[in-house]
Amino acid sequence: MFSKKQSNIFLTLSALFTLILLIWRPVPKFDYDFEQFFPQDNEALSFYKSYVDIFGGDNDYLLLAFENDDQELWQPEFLSNFESLQSQIKVLEGVDTTISVLDLREPRIGAFGVQFRQVVTWDESRVNLTLPKNQLAGSLVSEDGNALLLLVKNKTGMSKEAGDVLYQAIREKIEESELKLRAVAGKIQTQGDFVKLMQSEFGFFFAISLVVMLLILTLLFRSWWGVVIPFVVLLIGVLWAFGVILWMGKPLALMSVMQPTIFLIVGLSALIHFFVHLVKKLQADTDQKEAIRHSYKQLFIPVLLTMMTTALGFFSLWFTSIPALQDFGLTTAIGIFMIFLAVIGISPGLLYLVSKSLKAKPLKAKRAVSLQTLFSLILKRRKVIGFGVLAMGIIAVFLGLRIPINGYLLDNLPFDHPIREDFGYFDSEFGGSNPFELSLELGEEANTFWDYEVLQQVQKLEEELNEVFGENKFISPITLTKTLNQAQNQGDVDAFRFPSRGQFIRMQRILRQGSGGLEAGLIDSTGRISRISGRLPDFGSYKMRNLRSELDRFIQSELDSSLLKIRWTGTAYLIDQGHESVTWQMARGLGVAFLLVGLIAGILFRSWRISFLLLIPNVIPLLLMLAVMYFLGIEFKLTTAILFTVAFGIAVDDSIHFMTRFRLELGSGRSFFYAMKRTFLETGKAILLTTIVLVSGFVLFVMSDFGVTFYSGVLISCALIFALLADLMLLPLLLIPMKRVWEGKQNSKT
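Bear in mind that the values here come from a model prediction, so they are computed numbers and not experimental data.

Moving on to the environment of phenylalanine 673. Of note, phenylalanine 673 is situated in helix α22 (residues 672-698). Residues phenylalanine 673 and lysine 473, spaced 200 residues apart in sequence, show a C-alpha to C-alpha distance of 74 Å. If sequence neighbours within four positions are ignored, phenylalanine 673 has contacts with Ile736 and Lys739.

Below you can see the structure in the form of structure tokens.
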């Protein structure tokens, strides 16, 4: 294999495949949908989908806050412009409805039933409000009284492309108006801004990764062929990787910004193994063609195994229940496989084409500490090293248990990003930017939500909600009840409260006749399902978990489930559920990765002991990652938990290289310790070099504005360094007890 003839065939096939990709090139598509982070095996998701069928999506809205240029808010001209803009936005395609303070109607109950009058009216000279300003503040008017809210509810299930079109149309209408937009927040805006940032980072990391790759190749090989050939191979490999991913119909999502760098550094690591071996052969005056054939033939299996374990590390994410993680794991694994095909299919053929020009210069890299001295020191201090690693592992586990699970909706954005600032503004001035939903269902002893006893249960629940989450303006059957109580008291502001039983009896006629459509979107057609809806600040999943637990305890102890059944739901709740499932998702991913790597090692080395030994030095870096997270204040969330699986898949490569070379040395008849020494000295150089390459690539991610990319750079770089130390200092010590097993096998053969 890898003769000149075979390599030329591979090169020709590679050229044809590249040509096909260029002719029928897929169109890159970027997408961001935070709902892809919902755990699919969670029964709460199924319930939410049925809830959406009844009441519509709770997150399909856009919040727009407008100020009056430092003037009094309640000015006729400003309100006229605001009304005009609302009317223009309301008729845009994709808009379901719009809500503002101008839509508020105050009911009055008279002899002819319920009648309504506008809360806000104006003429050219004055503005009239039928409700006090403080009753409007915090919901449709800002707490400071300087801004009005326009809530634009778009149609449920709108695609990213349709959302972009709608948001652009809304922005154009705003620019045409004479209104000052203070802040904006919502799904269709956030998704668009996320995608723009993703596109920017994708190009940035691809470009800077190419520069770093060129620099590494130049420093290592100091020859034109040692730079140009790997560069060409990796460029084509990345083209293949993304071509196949896009052919599969997979859009480039949030974590795709890391893929160009991952593909380049994994491919570069493989090429360095081949080229370093080739250089050694050339330095030994081996014929150029024979040097190429021997290098690729001898290292094909080790490189295949290392890239396979890396791909499997990512592919193990497929076994989580989060669609975003599944797609990232699958597409990254496929991309790494395409990089491997490019390395094997293109580089030998190109080397044969320029074989007469292949000349090797001595590598000038110097080691600060001799590997031979280090090997001797490790053998002498084996007990100290062993107990030291054990102690660090125990401490790391202790620290890891103290790391909280906590995630935010805008986790992946930098703290000074304008989107964060706008969301913070809505949190402080309009009660929140995150949707809040509680599903209410009648118990078996209740007939309708207009039973006084049922309303009392809902009232107690709302009072506790305001106690737990702070004063907020929730919408529920209680809102309608208070409004009708105020209406039958001629709009008296003090009557906007839960009615007494006598006052409620007076409402019965109105409730039987209908409340003028006020209950629309509040109670389903069966009359047995209702909701409490509102907005809250993004407290984070850790705080929300505690607040929900507090409310759950109140529900269990103070409310009657035979009258009212309460259930959490909504997109914010599902996102928090995704973060809460982080332990299970991480355990599932790591478990699959351990199993797959163990099986590969067991088949390759035909020993369950070696499979187990391979896992130990690669678990230590994961434990030390916990310590790094604790000291850097990095919290557990979905986007940090998956990095343990990724780090394991990459870090185990060095162990496989070490064990493959050790097996070859033992198979050539060398004694156990001499074989270990030769493996340590020769493989130690290679894994040190590849670790430098990998860390150089992953450390670039610390320049990212995305949280998931930044954490990937910090944690995986640290894990790779820890893995290098574990393979050099711990793995040889773990192999020493295998000496008797090996010698026993040799004796049985003889």
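Where nonpolar side chains cluster on the molecular surface, the patch consists of Leu19, Ile20, Ile23, Trp24 and Trp247 and spans about 550 Å² of accessible area. No other element matches the 3 residues that helix α1 (residues 4-23) contributes to the nonpolar patch. Turning to its location among the elements, isoleucine 20 is positioned in helix α1. When its relative accessible area of 37% is taken as the criterion, isoleucine 20 is described as partly exposed.

In this structure, arginine 222 is a non-glycine residue whose phi angle is positive, near 50 degrees. Residue arginine 222 is classed as partly exposed on the basis of its relative accessible area, which comes to 43%.

Let us look at helix α14 (residues 452-469). The end-to-end C-alpha distance of α14 is 25 Å, a good match for the 26 Å that 18 residues give at a rise of 1.5 Å each. Here α14 lies mainly inside the structure; 13 of its 18 residues are buried. Phi turns positive one or two residues past the end of α14, at glycine 470, with a value near 90 degrees.

Once that is clear, we can look at the side chain of asparagine 154. Looking at the secondary structure, you find asparagine 154 in strand β7 (residues 147-154). When near neighbours in sequence (up to four residues on either side) are disregarded, asparagine 154 contacts Asp60, Tyr61, Gly94, Val95, Asp96, Leu166 and Ile188.

A few words on the confidence of the model for the protein chain. On average, residues of the protein chain score 85 in pLDDT, and 95% of them reach the 70 mark or higher. Across residues 363-369, confidence stays below pLDDT 50; counting only partners more than four residues off in sequence or on other chains, it has 3 contacts.

Another aspect to go through is the sheet that holds strand β8 (residues 180-186). Strands belonging to one sheet form pairs held by backbone hydrogen bonds; the direction of such a pair is parallel or antiparallel. Read across the open sheet, the 4 strands follow the order β2-β7-β1-β8; overall the sheet is antiparallel. The open sheet has two edge strands with one neighbour each: β2 (95-99) and β8. Ignoring which end each strand starts from, the neighbouring axes of this sheet average 20 degrees apart. Across the sheet, helix α13 (residues 418-429) touches β1 (61-67), β7 and β8, and the angle it forms with β8 is around 95 degrees.

Since one α-helical turn is 3.6 residues long, residues separated by three or four positions face the same way. Burial of helix α15 (residues 477-487) is extensive: 10 of the 11 residues sit out of reach of the surface. Every buried residue of α15 is accounted for by Pro477, Ile478, Leu480, Thr481, Lys482, Thr483, Leu484, Asn485, Gln486 and Ala487.

Before going further, it helps to spend a moment on the environment of glutamine 115. The residue glutamine 115 is located in strand β4 (residues 113-118) in this model. With a relative accessible area of 46%, glutamine 115 lands in the partly exposed category. Considering only alpha carbons, one finds glutamine 115 and alanine 487, 372 residues apart in sequence, at a separation of 9.0 Å. When sequence neighbours within four positions are dropped, the list of residues in contact with glutamine 115 reads Glu106, Pro107 and Arg108.

With that settled, consider the sheet that holds strand β11 (residues 564-569). Taken in spatial order, the 3 strands line up as β10-β9-β11 in an open sheet, and their pairing is antiparallel. At either margin of the open sheet sits one strand with a lone partner, and together these are β10 (529-536) and β11. Within the sheet, the average angular offset between the axes of one strand and its neighbour, ignoring direction, is 25 degrees. Strand direction decides the pairing type here: strand β9 (residues 434-442) and β10, joined by 8 bridges, are antiparallel. Residue pairing across strands places phenylalanine 436 opposite glycine 534, the latter belonging to β10.

Conventions we followed
- Residues numbered from 1 in each chain as written.
- Predicted model: local features only at pLDDT ≥ 70, side-chain atom pairs only at ≥ 80, totals over all residues.
- Heavy atoms only, no water.
- Helix = DSSP H or I, 4+ residues; strand = E, 2+ residues; numbered from the N terminus.
- Contact = heavy atoms within 4.5 Å.
- Patch = residues over 30% accessible without salt bridge, like charges linked within 9 Å, V, L, I, M, F, W, Y side chains within 5 Å.
- Areas by Shrake-Rupley, 256 points an atom, 1.4 Å probe, with all protein chains shown as cover.
- Salt bridge = Lys/Arg side-chain N within 4 Å of Asp/Glu carboxyl O.
- Buried < 20%, exposed > 50% of the residue type's maximum accessible area, 1.4 Å probe, protein only.
- Expected span 1.5 Å × (residues − 1).
- pLDDT = per-residue confidence, 0-100.
- Pairing = 2+ DSSP bridges.
- Axes fitted to C-alpha atoms, helices over the stretch in contact; angles between N-to-C directions.

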